[in-house]
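Each chain, letter by letter, is given below.
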Amino acid sequence: MSQTLTMRTPGPGQGGSEKRERVGRRSPLRRFLARPEVGSLIGAVVVFAVFFAVAEPFRQAASFSTVLYASSTIGIMAVAVALLMIGGEFDLSAGVAVVTSALATAMFSYQFSLNIWAGAALALALALGIGFLNGWILVRTNLPSFLVTLSTFLMLQGLNIAVTKLVTGSVSTDNVSDMDGFASARAVFASSIPVGGVDVRITVLWWLLFAALATWVLMRTRVGNWIYAVGGNAESARAVGVPVKRVKIGLFMTVGFFAWFSGMHLLTAANGVQQSGEGVGNELLYIMAAVVGGCLLTGGYGTVVGAVIGAFIYGMTRQGIVYAGWDNNWIMFFVGAMLLLAVVINMWVRNQTSKR
Amino acid sequence: MSQTLTMRTPGPGQGGSEKRERVGRRSPLRRFLARPEVGSLIGAVVVFAVFFAVAEPFRQAASFSTVLYASSTIGIMAVAVALLMIGGEFDLSAGVAVVTSALATAMFSYQFSLNIWAGAALALALALGIGFLNGWILVRTNLPSFLVTLSTFLMLQGLNIAVTKLVTGSVSTDNVSDMDGFASARAVFASSIPVGGVDVRITVLWWLLFAALATWVLMRTRVGNWIYAVGGNAESARAVGVPVKRVKIGLFMTVGFFAWFSGMHLLTAANGVQQSGEGVGNELLYIMAAVVGGCLLTGGYGTVVGAVIGAFIYGMTRQGIVYAGWDNNWIMFFVGAMLLLAVVINMWVRNQTSKR
Amino acid sequence: ASACSSSGGRQEETATGADTPELTIAMITHEAPGDTFWDLVRAGAEDAAAKSGVTLEYFSDPEAARQATLIQAAVDKGVDGIAITLAKPDALQGAIDNAAAAGIPVVGFNAGIDHWQDAGLIEYFGTDETLAGEAFGERLDEVGAEKALCVIQEQGHVALETRCDSLGEAFEGESETLYVDGANMPEVRSGITAKLQEDADVDYVVTLGAPFAMTALDAVDDAGSDASVATFDTNADLVGAIEDGLVEWAVDQQPYLQGYLAVDGLWLYGTNGNVSGGGSEPVLTGPNFIDQDNIDSVAAYAENGTR
Amino acid sequence: MVTLTDTTEAAREERAPSEPVLELRGVGKTFGNIRALSGIDLKVGAGEVTCILGDNGAGKSTLIKIIAGLHAPTSGEYRVDGEPVAFTSPRQALDRGIATVYQDLALVPLMPVWRNFFLGSEIRTGFGPFRMLDVAGMRRVAEEELGKMGIDLPDIDAPVGNLSGGQRQVVAIARAVYFGARVLILDEPTAALGVKQSGVVLKYVNAARDAGLGVIFITHNPHHAFMVGDHFVVVKLGRTELDAPRSELTLEELTHHMAGGAELDALEHELKRGEGEGR
Amino acid sequence: MVTLTDTTEAAREERAPSEPVLELRGVGKTFGNIRALSGIDLKVGAGEVTCILGDNGAGKSTLIKIIAGLHAPTSGEYRVDGEPVAFTSPRQALDRGIATVYQDLALVPLMPVWRNFFLGSEIRTGFGPFRMLDVAGMRRVAEEELGKMGIDLPDIDAPVGNLSGGQRQVVAIARAVYFGARVLILDEPTAALGVKQSGVVLKYVNAARDAGLGVIFITHNPHHAFMVGDHFVVVKLGRTELDAPRSELTLEELTHHMAGGAELDALEHELKRGEGEGR
Ligand SMILES: Nc1ncnc2c1ncn2[C@@H]1O[C@H](COP(=O)(O)OP(=O)(O)OP(=O)(O)O)[C@@H](O)[C@H]1O
Ligand SMILES: Nc1ncnc2c1ncn2[C@@H]1O[C@H](COP(=O)(O)OP(=O)(O)OP(=O)(O)O)[C@@H](O)[C@H]1O
Ligand SMILES: [Mg+2]
Ligand SMILES: [Mg+2]
């Protein structure tokens, strides 16, 4: 069509002049500073500096590796949660879904005497199914994601414990660490890799890999474009032909996949036994990481890199307090204060750049 | 101005005909069904019917009074949270702020040997101060309320424990039940009133009173108009001269007031001893009540009556499961399923009415 | 009561311990912050630390994976000893192994009586939740209880579930479990009330933490039931309630002692190579019944926040 | 655009009305208890500009939303190329070559201009799982197409939300023109536009017609309508009030109809009086 | 509105330009690195209609947002009644009698029409803590005022979000007219309106002028502008390009300026050619 409509432009002179006349010079630094995740990056640097100054053990490479590990366990899920949030929804069931996957893997493998990988495959199907259900109910009923995922959260929380008790007779699963495939699963999901003299947990590498992949999807693929559009204005996106419902369901299933992955880490890191009552409250940490990293709760804005930084801020704070030896009773206070510090700095940086 | 611009209308005939020609008849029933809270009302009726059918003890007046009490402890806060949510914000610190108020009342009274009411007054100032701070940080920094109140939540959670421990040497407060004013405070905040042979907890009456008051404010006062506007479109509201910032801060302070009130109930109901680690997680229940009752998370829509019904649905479900004697392992599952049932019915009713 | 604490024994005791090497000990538990039980554990640990000139660092997280990370952090810091609660042994194993590899002694306390040896801990101080639950059940039989309601304030909590399960096994009457949300006292109260309204046969309400016993008393009142209340664990208020005959008894595992012994054990190991229990037997701190008969011996200490 | 000369009647008569691309028969739409449309018949032929005119709230936007697949009609029949269709999503209409500029523009404010331009119809390179957006190409095309309409944005990466009302309108139009293969629907495209930009849009309408597209053009400006329209439909209170080819109308008659028929005379009279009184 | 006759030049010349109510001196505004406005001078007198014209993105809306107190200027001075002001909120401008119809309307979509109408300036009855909204009165006034503009809504309780684009526009205009005590600012009020409604708005502009109000009127329609304007300001790329009283301009000159001066000729030429080629 565009070929048949060949018309002259009204002379490039006029357009060019607008740019020249009205657009102030903008240094590359300033452009960099205007990115959504940069505020949180500076927040991270400040938090890092604080702990580097006050906590002597924080300065060691081994400690840094622990900090990275703590960040990665939140951060892997934060990648998926950030994608979902950019797509305009959020998932309160993400925290317990991780535990559900771990429980399912252990129970499927043990009860049916399967190879761990087979159990894991079944658990993956379950995790994707939960994600699909969340998304499907959401798009079918048009209910807010808060309500849909809150009910899933409550139901999974109940199911985790009730089904585990029903199947194993106790609140934790039977030990599967001696089953076939456990060793290889452990190598994939919960091993350590020596990097320059320090053991780096493999989840850290996965975390960075997933973040890179998600960033690529978001910035350079059609689906990524759709995610931004669906979160930014679902009505408009639908009007130009974006399959809004499929994108939303897909995002919930992505969270399901990552929950499965995190669940596999949990199970293998815990030597093949999973407690059924855990995971509650983690969903807020994932959301926090994404929001600290610059994702808008209302959707349509944010980056995965930001969520990674958000998780890192949380990991640093949580572990840094330990390294600094601050009082346990104050731990939540410090976490809250650090969070506020990080986001206020974030906001300040953003305001400064937009003021130029 | 309007007086000086006297001009004829372009003939009423044309306008009148539009109404006649295009607006279908709409029965009063249908109008009623289109109200935001009616869906949840029907959800409540269904949940009630379920438990009425399956749980014999549920049918007794005394049980109903217990259900009402459980609902009221969530419901009182849900009133304030609904107002805040209609105003476009939410408050994750609401759950722990209740406990902060109770702790503050007990500690102020005990440490300074004050009359309980004097301690309560200081605690009220503190609660309003926390609300003010939440609101002030929010409007100053333009941060999303999720982040601001999440940091307040974490900080208060830490402070509750740490300060209590610092002051009393333990994580619960000293007993203030033998201090001056405790008896009268208890009568106001935590007594029972016999109504037709059944003891009704006074919080139930407060709850209904607050709900009525809040409804009046919302529907019939200028501030109420502003709350809807600020939540619906803060930019537009500002453009027509609504003091957006003051409204938001005021809403957070309202939540502070209600937190203080709930805290007073907590303290007096617990015989003057308050545990410092409580309240975590309740904020989600308040939000849930408001959202189930038809408030939009994005603001600008909803009613307080809806939030009251939402809290009632929660109270019925939680206690109804006990009355029905359902397997206790599954309790969370049932709560989640009931929630989903209530909101899906809600949605279905709303769709039916808009389809006419 | 606290008037003399400013001139208290801490400085003097620190002085007495000055000739031993300064140790740093990390204590890492599965406490969800704000529980009176852990107050007592910490009080014991701090007293032991003060007495021995030990620098004590206390951290907690109820989530197993994060407790493991806390232990890892202590290893990173290179502390001289680590005391842990072994509520979820499998998840902590990796971190414990890392501690061993770094040459840091680890002792267990409070939870994990069945696992501490396998996990490679050098000693264990505490009770056995199974034993405690069974003792509780037997006591219920003694008083002729017929139906007990076991109230769990945190669903899925290993130790709490174990208490109720083993109570149920030892008890000859009927026992039932009720889950409530411990962070929401009004709900604990209305939940218990509802259960008592639903089931009039319940004649004993068993709570698993002292604050919940106090709330259960109110709930029994509300429901107009004549059930009695008994509980696990104590705090100052509960001691008063036992004195007044409101709560029948409490099963005490002496949390102060657990905390004290754990730190002291590490100190002894670090300064003198002693191993309590010889490395094969746990050091039991309970179960121990507190009721109206022996309450007087406890009340004075409860006032100090050490029982 | 005042300087745009009307095409000669002769030139228009030449082209025979082709087989209709779109056809609506007795279409109606209700929202709850509001009857937005009822019994609408409409034919849109290739190479023909159909102007839909009418008062505010007459139901024009609702009508084109039905055509674009955004709403499903509650009654009546909708045919494309003679076969009945029931679009469940705008994607299906787009795939049939029906591109729309909505009155509320259907842009995503937080997304950059070029991403909005290609939203839903992205250009991709690579193959298999590695198919990715041709970012450079998309930016270039978006910039070019906007340039053709006389808008040279300072920054093609700026979020659409930062543009002026008119600039946004141009983005939406440029997009529809670029993607509209057979039918182009424009809902009040010139409303927010300056004189120059309006001229460009009218040129595009003409060019699209000449390229054989069916165009549906909604406007409140009788000059604009008369300049490009081949066929005029006036909607009033959700019903067709007038349906006539250009040959049966004059600009004056059209204006008359647009202002609500007979009521215009009263208004005109009153206006004059109002002014007389005013001074 | 084509049928609206221009007021005679004589009638206009009679009224001497009064002391300006509003005055801007060298006002500029930047957003980040975008210079939206620079060095704008503007005077608005009582009983005078000032038309602001200009291309899309020229900075007109930004200018009136500064006047309305929604944006603070980054440079220059803003005076009301001769004294410098620095509004920090639109409330202050409203309290000075400056009422504005924004291009994006500033309505709250989820709120009923009558609540939107009175938002920020509610009518109350009762006293002390029991002061409450005069709901009946507000509904009546809103319905009346809208009726005067030729819009009779099916349901005054309907949320504004359900209205058609033009209906929303009318709500915003009716509100500003009702509350504007001294200065009335209208940002493209007729853009989304039908012929009849446009006529009504122009009548209102005239009536407001005659009642002694200062009116700022932004439009892309030169006919509309010339029909009511006493004074014309053309903004281009954020600068004043033309500032002239009505007496110094003709409709043709104005159109010429609005389309961007000299560039119009080239465009006109090209348009003709484009058409010639097309057929
Ligand atoms: N989603 C909706 N819900 C309820 N009523 C609606 C909805 N959309 C439109 N309407 C009503 O349908 C009628 C027609 O609206 P529509 O937007 O089609 O008018 P229009 O002819 O495009 O007007 P304009 O020229 O002002 O844009 C109006 O009365 C409007 O209030
Ligand atoms: N909030 C903002 N942030 C950044 N740039 C902005 C913002 N608001 C406006 N601009 C830019 O300022 C310039 C002037 O915009 P403005 O809305 O004032 O134009 P306008 O003259 O009203 O145009 P139109 O006739 O299309 O409404 C435009 O280039 C626009 O992109
Ligand atoms: Mg329309
Ligand atoms: Mg504008």
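Scroll up for the structure.
Anyway, here's the lowdown on the structure attached to this text. Every value quoted in this text rests on a predicted model; they were computed, and no experiment measured them. Per chain, the residues get numbers from 1 upward, laid out in the order the sequence is written. The naming scheme follows written order: chains are lettered A onward, ligands numbered 1 onward. Reporting of local features is limited, given that this is a predicted model, to residues whose pLDDT is at least 70; pairs of side-chain atoms are given and counted only at 80 or more, and all residues count toward the totals for whole chains, interfaces and linings. Where side-chain values are given, they derive from all heavy atoms of the structure, hydrogens and water being excluded.

## Some details on the overall build of chain C
In step 1: Looking only at helices and strands, chain C has 12 helices and 12 strands in total.
In step 2: Both definitions apply: the radius of gyration is a C-alpha atom measure, and the globule rule equals 2.2 Å times residues to the power 0.38. A compact globule built from 307 residues would reach a C-alpha radius of gyration of about 19 Å, and chain C, at 20 Å, matches this within 12%.
In step 3: For chain C, the C-alpha atoms occupy an extent of roughly 60 × 45 × 35 Å along the three principal directions.
In step 4: The classification of residues rests on relative accessible area computed with a 1.4 Å probe and restricted to protein chains. Under 20% of the type maximum is buried, over 50% is exposed, and intermediate values are partly exposed. Burial status across chain C gives 61% buried among its 307 residues.
In step 5: The contact criterion used throughout is that any non-hydrogen atoms of two residues lie within 4.5 Å. Of the contacts made within chain C by residues no fewer than 6 positions apart, 73% connect residues no fewer than 24 positions apart.
In step 6: Areas reported here follow the Shrake-Rupley algorithm with a probe of radius 1.4 Å; residue values treat only the protein chains shown as occluding. In the structure as shown, chain C presents an accessible area of about 10,700 Å², 45% of it carried by carbon and sulfur atoms. Secondary structure elements follow DSSP: runs of H or I no shorter than four residues count as helices, runs of E no shorter than two count as strands, and numbering proceeds from the N terminus.

## Quick word on the state of the cysteines
All names here are of chain C.
In step 1: Cysteine sulfur atoms are paired as a disulfide whenever they fall within 2.5 Å. All told, the structure shown has 1 disulfide over all chains when counted by the stated rule.
In step 2: In this model, Cys150 is linked to Cys164 through a disulfide, with the two sulfur atoms separated by 1.8 Å. Between Cys150 and Cys164 the disulfide shows an S-S torsion of about -80°. By sign, it is left-handed. Here the residue Cys150 occupies a position in strand β6 (residues 147-152), and Cys164 occupies one in helix α7 (residues 158-170), the gap between them amounting to 14 residues. Here Cys150 and Cys164 have matching classes, each one buried.

## Quick word on the site of ligand 1
In step 1: It suffices for a single heavy atom of a residue to lie within 4 Å of a molecule or strand for the residue to be listed as near it. As a matter of local geometry, ligand 1 sits amid 20 residues, with Gly57, Lys60, Ser61 and Thr62 of chain D together with Gly166 of chain E nearest to it.
In step 2: Residues near ligand 1 are shared among chains B, D and E, making this a multi-chain site.
In step 3: As used in this structure description, the phrase polar contact means that two N or O atoms lie within 3.5 Å; if the pair is within protein, one of them must be able to donate a hydrogen and the other to accept it, and residues adjacent in sequence are counted only when both atoms belong to side chains. Between ligand 1 and Gly57 of chain D, the relevant distance is 2.7 Å, taken from an oxygen atom to a main-chain nitrogen or oxygen of the residue.
In step 4: Lys60 of chain D places a side-chain nitrogen or oxygen 2.7 Å from an oxygen atom of ligand 1.
In step 5: Notes on ligand 1: free accessible area 640 Å², of which the protein chains cover 86%.
In step 6: Within the residue set of the shell around ligand 1, elements represented by two or more residues are α2 (60-67) of chain D together with α6 (165-179) of chain E.
In step 7: Three classes are used, and their members are as follows: Ala, Val, Leu, Ile, Met, Phe, Trp, Tyr, Cys and Pro are nonpolar, Asp, Glu, Lys and Arg are charged, and the others, Gly among them, are polar. In the shell around ligand 1, the residues fall into 4 nonpolar, 12 polar and 4 charged.

## Side note on helix α13 (residues 282-292) of chain A
Every α-helical turn comprises 3.6 residues, leaving residues that sit three or four positions apart pointing alike.
Residue and element names in this part refer to chain A.
In step 1: Here α13 lies mainly inside the structure; 11 of its 11 residues are buried.
In step 2: Here α13 has its buried residues at Asn282, Glu283, Leu284, Leu285, Tyr286, Ile287, Met288, Ala289, Ala290, Val291 and Val292.
In step 3: Gly294 lies just past α13 and shows a positive phi near 105°.

## Some words on the packing of aromatic side chains
In step 1: Ring pairs are drawn from Phe, Tyr and Trp, using the six-membered ring of Trp, whenever the two centres fall within 6.5 Å, and their geometry is named by plane angle: stacked under 30 degrees, edge-to-face over 60, tilted for the rest. The full count for this structure, using the stated rule, is 68 aromatic pairs over all chains.
In step 2: Should the NZ of a Lys or the CZ of an Arg lie within 6 Å of a ring centre and within 35 degrees of the ring normal, that charge is described as sitting over the ring. The ring of Tyr69 of chain A has Arg201 of chain A sitting right over it, with the charged end atom 4.0 Å from the ring centre.
In step 3: Sitting over the face of the ring of Trp249 of chain C, Arg139 of chain C holds its NZ or CZ atom 4.8 Å from the ring centroid.

## Some thoughts on the interface of chain A and chain D
In many reports, interface size means the accessible area that the parts give up when they come together.
In step 1: Counting residues at the interface gives 38 residues for chain A, matched by 47 residues for chain D.
In step 2: Buried area, as used here, totals the accessible surface that two parts lose on assembly, with accessibility defined by a 1.4 Å probe and the loss added over both. Interface area, chain A with chain D, both sides summed: about 3,400 Å², of which 60% is carbon and sulfur.
In step 3: Counting every contact that joins chain A to chain D gives 8 residue pairs in polar contact (both at pLDDT 80 or more).
In step 4: Listing elements by their share of the side of chain A that touches chain D, those giving two or more residues are α1 (12-22), α9 (202-220), α10 (222-232) and α11 (234-239) of chain A.
In step 5: Here the element with the most residues in the side of chain A that touches chain D is α10 of chain A; it accounts for 6 residues.

## Topic: a nonpolar patch on the surface
All names here are of chain A.
In step 1: A contiguous nonpolar patch, built from Leu29, Phe32, Leu41 and Val45 and spanning about 370 Å² of accessible area, is present on the exposed surface.
In step 2: Elements represented by at least two residues in the nonpolar patch include exactly α2 (28-33) and α3 (38-54).
In step 3: Tracing the backbone shows Leu29 in helix α2. Each patch groups residues whose relative accessible area exceeds 30% and which form no salt bridge, using 9 Å between like charges and 5 Å between nonpolar side chains of Val, Leu, Ile, Met, Phe, Trp and Tyr. The term salt bridge refers to a pairing of a side-chain nitrogen on Lys or Arg with a carboxyl oxygen on Asp or Glu at a separation within 4 Å.

## Some details on the sheet that holds strand β8 (residues 204-207) of chain C
Within a beta sheet, neighbouring strands are joined by backbone hydrogen bonds and run either parallel or antiparallel to one another.
All names here are of chain C.
In step 1: Pairing is mixed in the open sheet, where 6 strands are placed in the order β7-β6-β8-β9-β10-β12. Each end of this open sheet is capped by a strand with a single partner; those strands are β7 (174-179) and β12 (288-291). Along the sheet, successive strands turn relative to each other by an average axial angle of 20°, direction set aside.
In step 2: Two strands pair when backbone bridges link them, and strand β9 (residues 228-232) and strand β10 (residues 247-252) are joined in this way by 3 bridges, in the parallel orientation. Across the sheet, the residue bridging to Phe232 is Val251, located in β10. Strands pair, by our definition, only if DSSP identifies at least two bridges between them. To get an axis, a line is fitted to the C-alpha atoms, and for a helix only the part in contact is used. The angle between two axes follows their N-to-C directions and goes from 0 to 180 degrees.

## So, the coordination of the magnesium ion (ligand 4)
All names here are of chain E.
In step 1: Bound to the magnesium ion (ligand 4) are the protein donor atoms Ser61 (OG) and Gln103 (OE1), situated 1.9 to 2.0 Å from the metal. Taken together, the residues span a long stretch of sequence, with Ser61 in helix α2 (residues 60-67) and Gln103 in the loop between β6 (98-101) and α4 (113-118) at a distance of 42 residues.
In step 2: Exposure remark for Ser61: the relative accessible area of 18% places this residue in the buried category. Only nitrogen, oxygen and sulfur atoms qualify as donors, provided they sit within 2.8 Å of the metal or within 3.2 Å for Na, K and Ca; with water excluded from the atoms, sites may seem incomplete.

## As for the interface of chain B and chain A
In step 1: On the side of chain A, 37 residues touch chain B, which itself brings 38 residues to the contact.
In step 2: Between chain B and chain A, a total of about 3,600 Å² is buried, with carbon and sulfur atoms accounting for 86% of that surface.
In step 3: For the interface between chain B and chain A, the tally reads 0 salt bridges.
In step 4: Sorting elements by how many residues they give to the side of chain B that touches chain A places helix α7 (residues 145-168) of chain B first, with 14 residues.
In step 5: Looking at the side of chain B that touches chain A, its residues break down into 30 nonpolar, 7 polar and 1 charged.

## Points about the coordination of the magnesium ion (ligand 3)
In step 1: Here the magnesium ion (ligand 3) is held by Ser61 of chain D (OG) and Gln103 of chain D (OE1), and the distances to it run 1.9 to 2.0 Å.
In step 2: A relative accessible area of 26% places Gln103 of chain D in the partly exposed class.

## Points about the side chain of Thr207 of chain C
Residues and elements named next belong to chain C.
In step 1: Within the element layout of this structure, Thr207 appears in strand β8.
In step 2: Residue classification places Thr207 among the buried residues on the basis of a relative accessible area of 0%.
In step 3: One polar contact links the side chain of Thr207 to the main-chain amide nitrogen of Ala213, over a distance of 3.4 Å.
In step 4: Discounting residues that sit within four places of it in the chain, Thr207 has contacts with Val151, Phe212, Ala213, Ala216, Ala230, Thr231 and Phe232.

## Details of the sheet that holds strand β3 (residues 48-54) of chain E
Residues and elements named next belong to chain E.
In step 1: Taken in spatial order, the 6 strands make up an open sheet running β6-β9-β10-β3-β11-β12, and their pairing is mixed. Pairing within the sheet leaves two strands with one partner each, and these edge strands are β6 and β12 (239-245). On average, each strand axis in the sheet is tilted by 15° relative to the strand beside it, whichever way the strands run.
In step 2: As paired elements, strand β9 (residues 183-187) and strand β10 (residues 214-218) share 5 bridges and run parallel to each other. Along β10, the bridge assignment pairs Leu186 with Phe217.
In step 3: Along the sheet, α6 makes contact with β6 and β9, crossing β6 at roughly 175°.
In step 4: Across the sheet, helix α7 (residues 195-210) is in contact with β3, β9 and β10; its angle to β10 comes to roughly 155°.

These values are about where atoms sit, not about what they do.
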